[in-house]
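Commentary on secondary and tertiary structure
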Amino acid sequence: MLEQLTERERKLVLALLPALLITAVVYFWTEPAAAEAPVLDKAAAIDTARQRLERGRATAATLPARQENRKTLEASLAGWEKRLIVADTPAQALVQLNQLFRRVARVQGSSVDIRSIDLGTIQPAGDYLDVMVNIAFDCQVEGLVNLLADLSAQPEYLTWRDLRIVSNDSKQKRIQVFFTLVGLAPTRILQKPATGAKG
């Protein structure tokens, strides 16, 4: 192979071989200067770790109080939710509210004469549902007061809205009352039951 090279090329190859050999020796057998490692402020790192530890301890110390507070709130919520209308479907909730009003009105005796009860609607109310029934009845003024007081005393959470009073018979002091009775129900009654898989 060297025979095919010109005289000038042969001199270059012969001069290049020792230079390559020296370069390889210097590159592979001498240690490169060690890069200087950055100087870490160990005191600052220790202080930061200590502060994190103190924050963790402070958070851990509040955990029992938070758990106790959560238990108290959950018990309070469970007690409050006992006042919800318990039903499996929206229709059942409306019927239960209807029956509840009829039961309270029956206690008033003949002083309350129910004219109509129309099953109303169910509307979202935050995390719960408003179950509404539209009611019309005749009564005397004291009968209305007693009826509203008895509705407020029921274990279920009840309220009313759109209360309208019309005076028809001034001699007997009877009035016509129209209002919407509202109870609260859980939102789960809107969820459709899952259908079973067909095999």
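Residues numbered from 1 in each chain as written. Predicted model: local features only at pLDDT ≥ 70, side-chain atom pairs only at ≥ 80, totals over all residues. Heavy atoms only, no water.

A word on the overall build of the chain
Looking only at helices and strands, the chain has 4 helices and 4 strands in total. Of all intrachain contacts in the chain linking residues separated by at least 6 positions in sequence, the fraction that spans at least 24 positions is 64%. (Helix = DSSP H or I, 4+ residues; strand = E, 2+ residues; numbered from the N terminus. Contact = heavy atoms within 4.5 Å.)

Quick look at the packing of helix H3 (residues 90-107) against helix H4 (residues 141-152)
Running from N to C, H3 and H4 point in directions that differ by 130 degrees, and their axes come no closer than 10 Å. What the angle tells us is that H3 and H4 run oblique. Every pair of crossing elements has a handedness; the one defined by H3 and H4 is right-handed. In this structure, H3 uses Leu-100, Phe-101, Val-104, Ala-105 and Val-107 to contact H4, whose residues at the interface are Leu-147, Asp-150 and Leu-151. Residue classes in the contact of H3 with H4 are distributed as 7 nonpolar, no polar and 1 charged. (Axes fitted to C-alpha atoms, helices over the stretch in contact; angles between N-to-C directions. Parallel < 35°, antiparallel > 145°, perpendicular 65-115°, else oblique. Left-handed = near helix turned anticlockwise from the far one by under 90°. Nonpolar A, V, L, I, M, F, W, Y, C, P; charged D, E, K, R; others polar.)

Describing the confidence of the model for the chain
Put simply, the chain has an average pLDDT of 81, and 88% of its residues get 70 or more. Per-element mean pLDDT across the chain ranges from 78 in helix H1 (residues 7-29) up to 90 in strand E2 (residues 128-140). A low-confidence stretch, residues 194-199 (pLDDT under 50), is modelled with 0 contacts involving residues beyond four sequence positions or located in other chains. (pLDDT = per-residue confidence, 0-100.)

Examining helix H2 (residues 42-81)
The α-helix advances 3.6 residues per turn, and as a result positions three or four apart in sequence lie on the same side. End to end, H2 covers 56 Å across 40 residues, agreeing with the expected 58 Å (1.5 Å per residue, within 8%). When the local axis directions of H2 are compared, the greatest deviation, roughly 35 degrees, occurs at Leu-63, which is followed within four positions by the proline Pro-64. (Expected span 1.5 Å × (residues − 1). Bend = angle between axes of the 7 residues up to and from the residue.)

Quick notes on the pattern of salt bridges
Inspection of the entire model under this criterion finds 6 salt bridges. Among the ionic pairs, Arg-50 bridges to Asp-47, the shortest N-O distance being 3.4 Å. Residue Arg-50 and its partner Asp-47 are both found in helix H2; the two are separated by 3 residues, about one turn of the helix. A relative accessible area of 39% places Asp-47 in the partly exposed class. Close ionic contact of Glu-74 with Arg-70 constitutes a salt bridge, the shortest N to O distance being 3.0 Å. With Glu-74 and Arg-70 both in helix H2 and 4 residues apart, this pair spans about one turn of that helix. Take Glu-74: its relative accessible area is 43%, and that puts it in the partly exposed class. A cluster of three or more residues bridged by salt bridges with shared partners is formed by Asp-113, Arg-115 and Asp-138. (Salt bridge = Lys/Arg side-chain N within 4 Å of Asp/Glu carboxyl O. Buried < 20%, exposed > 50% of the residue type's maximum accessible area, 1.4 Å probe, protein only.)

Quick look at the packing of aromatic side chains
Per the stated rule, a full pass over the model turns up 3 aromatic pairs. Geometrically, the ring pair formed by Phe-101 and Phe-137 is tilted, given 5.8 Å between the ring centres and 45 degrees between the ring planes. Residue Phe-101 is located in helix H3, and its partner Phe-137 is located in strand E2; the two are separated by 36 residues in the primary sequence. By relative accessible area, which is 1% here, Phe-137 ends up buried. Put simply, the rings of Phe-101, Phe-137 and Phe-179 touch in pairs and so form one group of aromatic residues. (Phe/Tyr/Trp six-rings, centres within 6.5 Å; stacked < 30°, edge-to-face > 60°.)

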